[in-house]
Amino acid sequence: MRLGVFLPNWLGDVVMATPALRTMRKFVGKDGELIWHHAALRGEVLAGTTWLDQQIIYDKPSKGFGFASREVYQSLSAAKLDRVVLLTNSMRTAWMAWRSGARERFGYGGRGRLWLLTNRFDSPLAEDGGPLATIDSYLQLAEATGCEPTSPRLELATTDADEAAAEAIWQRLGLPPGDRVIVLNAGSAYGDAKHWPTEHFADLARRIVDGGEFSVLVNCGPSEREIAREIVTRANDRRVTSLADEKLLPVGLSKACLKRARLLVTTDSGPRFFGIAFGRPVVTLFGPTDPIRTETHYDAETCLSLSLECQPCMERTCPLVHHRCMRDLSVDMVHRVVAEKLAREAACVTTMAND
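A short tour of the structure in this document, coming up. In this text, all values refer to a predicted model and were calculated from it rather than measured experimentally.

Looking now at the overall build of the protein. When you go through the protein residue by residue, the secondary structure sums to 13 helices and 12 strands. By its C-alpha atoms, the protein is 60 × 45 × 45 Å across when sized along the principal axes. Counting across all 355 residues of the protein, residues that qualify as buried make up 53%. Sequence separation of 24 or more characterises 63% of the internal contacts of the protein that already satisfy a separation of 6 or more. As displayed, the protein has an accessible area near 16,400 Å², and 50% of this comes from carbon and sulfur atoms. Distance from the positive charge centre (43 side chains) to the negative charge centre (44 side chains) of the protein: 5 Å.

Structure (structure tokens):
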């Protein structure tokens, strides 16, 4: 079996696809191949994992429908795929799957792409009638392809280069051991509506380090450097540092930093899922998006939302301008949950030591 899989675009969605990839790997067996099609940055997310045999990289055009290059279509054809699973919902990727020559093409319908799929499924619904959580929808599609049911546990890995980069950061910033570092992740590629105010993050950082036990590292991507710098400036404490001044900010660096940290406080963005995949306690701050639709089935995550009448709007910027869903999510509320999680974890460690 030569099984092709088209990966989703958002970093968090790629991580949410890992349970499906895990069961697909088992499905093709040691003599089969799992061949993945993705944009370049998505490959960094999955670097270090062992499920995938071959990759075909494609960066979608910035405007319009767009077409892949001739080289991409040649690679798809040369892969001689028996079956394709589309974890994407776009017309573009369905067209590319059809052009690959795969005899069977599995995916959810909609967006005018039904005729391009041989095995079409209605978009799955949750018990409340809304869309099924993303992890579950990917698993449901994998099972329809013939894969066995599997745990929804998210999973990632790091490379030696990732670990070396994180260690260099620890040395350069003078950070204590990872179990005394709490990571704050303020950014979101989705849009401003997901942002928790910078001053809130700075206040939270001060409260965390004022306890004397922990330091804070502010994570960021290339487009979020100024947000991270502002948090550090406002916090005004040497124990609050950030990645903002690093020349390179690869995805692998964020993964390795989160892997060694004690706890993560984050917006609903890609690093949220990195923290979960590495088994870190996570506090996720929700504004315009719906925690039900991104359910992670992870007991060590606490999702905070004010559940206002206007939530979830799913907009990239607040249509009502006030942005209360995030502004009114108080530092007191978030810090209380962080403190409770740390205390609970410390109690568990004490209990285990006594046993």
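On we go.
Before going further, it helps to spend a moment on the packing of aromatic side chains. Taken as a whole and assessed by the stated rule, the structure comprises four aromatic pairs. An aromatic cluster is defined as three or more aromatic residues linked by ring pairs; in this entry it consists of W95, W98 and W115. In this arrangement the basic side chain of R99 is found over the ring face of Y73, its NZ or CZ atom lying 4.0 Å from the centre. Above the face of the W170 ring, R260 is positioned so that its terminal group lies 4.9 Å from the ring centre.

For the coordinates displayed, the defined rule picks out 25 salt bridges. Notably, a salt bridge pairs K26 with E148, separated by 3.1 Å at the nearest N-O pair. Placement of the pair is K26 in helix 2 (residues 18-28) and E148 in the loop between helix 6 (134-145) and helix 7 (160-173), with a sequence separation of 122 residues. Judged by its relative accessible area of 57%, K26 falls in the exposed class. Of the charged contacts in the structure, one is a salt bridge between D128 and R293, with a shortest N-O distance of 2.9 Å. Of the two residues, D128 sits in the loop between strand 6 (119-121) and helix 6 while R293 sits in the loop between strand 11 (282-285) and strand 12 (301-304), which places them 165 residues apart along the sequence. One continuous salt-bridge network, built from bridges that share partners, spans E163, E167, K259 and R260.

What follows is about helix 8 (residues 198-210). Counted at 1.5 Å a residue, the expected span for helix 8 with its 13 residues is 18 Å, and the 18 Å between its end C-alpha atoms agrees. When helix 8 is considered as a whole, its buried residues turn out to be T198, H200, F201, A202, D203, L204, A205, I208 and V209.

This part takes up the pairing of strand 1 (residues 2-6). In the case of a regular strand, side chains alternate between the two sheet surfaces. Across the five residues of strand 1, four count as buried, placing the element largely inside the fold. By the bridge criterion, five bridges tie strand 1 to strand 2 (residues 33-38) in an arrangement that is parallel. Each bridged residue has a counterpart across the sheet, and for V5 the counterpart in strand 2 is W36. Across four bridges, strand 1 lies against strand 4 (residues 83-86) in parallel orientation. Each bridged residue has a counterpart across the sheet, and for V5 the counterpart in strand 4 is V85.

With that settled, the discussion passes to the packing of helix 4 (residues 70-78) against helix 5 (residues 91-99). In helix packing, the relevant descriptors are the interaxial angle and the interaxial distance, both defined with respect to the helix axes. As a packed pair, helix 4 and helix 5 sit with axes 9 Å apart at the nearest point and diverge in direction by 55°. It follows from the interaxial angle that helix 4 and helix 5 lie oblique. Between helix 4 and helix 5, the residues in contact are V72, Y73 and L76 and W95, M96 and R99, respectively. Here the residues of the contact of helix 4 with helix 5 sort into five nonpolar, no polar and one charged.

Spatially, the six strands line up as an open sheet ordered 9-8-7-10-11-12, and their pairing is parallel. The sheet is open, and its two edges are formed by strand 9 (240-242) and strand 12, each paired on a single side. Averaged over all pairs of adjacent strands, the angle between strand axes in this sheet comes to 20°, irrespective of strand direction. Across four bridges, strand 11 lies against strand 12 in parallel orientation. Bridging from a neighbouring strand, T284 pairs with C303 of strand 12.

What counts as what
Residues numbered from 1 in each chain as written. Predicted model: local features only at pLDDT ≥ 70, side-chain atom pairs only at ≥ 80, totals over all residues. Heavy atoms only, no water. Helix = DSSP H or I, 4+ residues; strand = E, 2+ residues; numbered from the N terminus. Buried < 20%, exposed > 50% of the residue type's maximum accessible area, 1.4 Å probe, protein only. Contact = heavy atoms within 4.5 Å. Areas by Shrake-Rupley, 256 points an atom, 1.4 Å probe, with all protein chains shown as cover. Lys, Arg positive; Asp, Glu negative; His and termini not counted. Charge placed at Lys NZ, Arg CZ, Asp CG, Glu CD. Phe/Tyr/Trp six-rings, centres within 6.5 Å; stacked < 30°, edge-to-face > 60°. Lys NZ or Arg CZ within 6 Å of the ring centre and 35° of its normal. Salt bridge = Lys/Arg side-chain N within 4 Å of Asp/Glu carboxyl O. Expected span 1.5 Å × (residues − 1). Pairing = 2+ DSSP bridges. Axes fitted to C-alpha atoms, helices over the stretch in contact; angles between N-to-C directions. Parallel < 35°, antiparallel > 145°, perpendicular 65-115°, else oblique. Nonpolar A, V, L, I, M, F, W, Y, C, P; charged D, E, K, R; others polar.

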